[in-house]
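# Secondary and tertiary structure notes
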Amino acid sequence: MTVDRPTFPRHSARTLRFTLGVPRNFAVSPDGTRVAFLRAPSGTDRRTMLWVADIDDGVTERVVADPRDLVGDDETLSAAERSRRERAREGAAGIVSYAADRDLRRAVFTLSGAMYVAELDGEPAIRQIPATGPVFDPRLDPTGRQIAYVAQDRVRVVDVDSGQDRDLDGQDS
């Protein structure tokens, strides 16, 4: 009886050149107590999640944001996000990039054109931040209070707590 083993090229393609399941996109808190990173749950699952490793008493890793909990299995990419992923040769799905504040207490990311903020210290808390149109490339300010993002070819800023959103050119549509 012979066992069908995947060939090297097939196995390499299935694991995105053996990168799935490997941590990437690290950010370290200034006090060294937290490390945020992205990682897929296994070597064959393309769904990348946001993780935090707490370093206080040893290393404790926890999932902060799982795309399936937020949008299910139906991720929809905007044209801008699809183009960005193609340019970056990004083959993974789910949370493929994030931006954090200076103290690594909050992170912002997009899924299916929606913008989410995750609290990274303490108990995980994620909330969707209302935005004008599909969101592209959100960035937190150093204090974690405001997010700059691109929507409908305009740069916008939203206050995380109040939800007040404005066009930087003052031309709200």
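This text goes with the structure placed above it.
Scope of this entry: the structure provided in the associated data block. (Residues numbered from 1 in each chain as written. Predicted model: local features only at pLDDT ≥ 70, side-chain atom pairs only at ≥ 80, totals over all residues. Heavy atoms only, no water.)

## Thoughts on the overall build of the chain
Along its length, the chain carries 3 helices and 13 strands. The burial tally for the chain puts 40% of its 173 residues in the buried class. When contacts within the chain are restricted to residue pairs at least 6 apart in sequence, long-range pairs at least 24 apart make up 37% of them. Total accessible area computed for the chain in this model is approximately 9,900 Å², and 48% of it derives from carbon and sulfur atoms. (Helix = DSSP H or I, 4+ residues; strand = E, 2+ residues; numbered from the N terminus. Buried < 20%, exposed > 50% of the residue type's maximum accessible area, 1.4 Å probe, protein only. Contact = heavy atoms within 4.5 Å. Areas by Shrake-Rupley, 256 points an atom, 1.4 Å probe, with all protein chains shown as cover.)

## A few points about the nonpolar core
Judged by nonpolar contacts, the single largest core of 17 residues is most densely connected at Leu50, Ile95, Tyr98, Phe109 and Leu120. Among residues more than four places away in sequence, those in contact with Leu120 are Arg34, Ala36, Leu50, Val52, Arg62, Val64, Leu104, Arg105, Arg106 and Ala107. (Core = buried A, V, L, I, M, F, W, Y, C linked by side-chain atoms within 4.5 Å.)

## Quick look at the pairing of strand S4 (residues 60-65)
Taken together, the 5 bridges between strand S3 (residues 47-54) and S4 define a ladder with antiparallel strand orientation. Paired with Leu50 across the bridge in S4 is Ala65. Linking S3 back to S4 in an antiparallel pair, the connection comprises 5 residues, with Gly58 at a positive phi of about 85 degrees. (Pairing = 2+ DSSP bridges.)

## Quick word on the sheet that holds strand S11 (residues 146-151)
Overall, antiparallel pairing links the 4 strands, which are arranged S10-S11-S12-S13 in an open sheet. Edge positions in the open sheet fall to strand S10 (136-140) and strand S13 (165-167), since each of these has one partner strand only. The sheet shows a mean angle of 25 degrees between the axes of neighbouring strands, taken without regard to direction. In the sheet, S10 pairs with S11 via 3 bridges, with the strands oriented antiparallel. Bridge pairing in S11 links Leu140 to Ile147. (Axes fitted to C-alpha atoms, helices over the stretch in contact; angles between N-to-C directions.)

## Side note on the environment of Thr110
In this fold, Thr110 is placed in strand S7 (residues 106-111). The sequence separation of Thr110 and Val135 amounts to 25 residues, and the corresponding C-alpha distance is 6.9 Å. Contacts of Thr110, omitting those with residues within four sequence positions, involve Val135 and Pro138.

## Focus on the pairing of S11
Regular strands have side chains that alternate between both faces of the sheet. The alternating pattern of S11 places Ile147, Tyr149 and Ala151 on a buried face and Gln146, Ala148 and Val150 on a face that is not buried. Connecting S10 to the antiparallel partner S11 that follows it, the hairpin turn spans 5 residues, and Gly144 within it adopts a positive phi of roughly 80 degrees. Where S11 and strand S12 (residues 154-159) come together, 6 bridges link them in antiparallel fashion. Within S12, the position partnered with Gln146 by the bridge is Asp159. The hairpin turn running from S11 into S12, its antiparallel successor, is 2 residues long, and Gln152 in that turn takes a positive phi close to 55 degrees.

The values are spatial; any link to function lies outside them.
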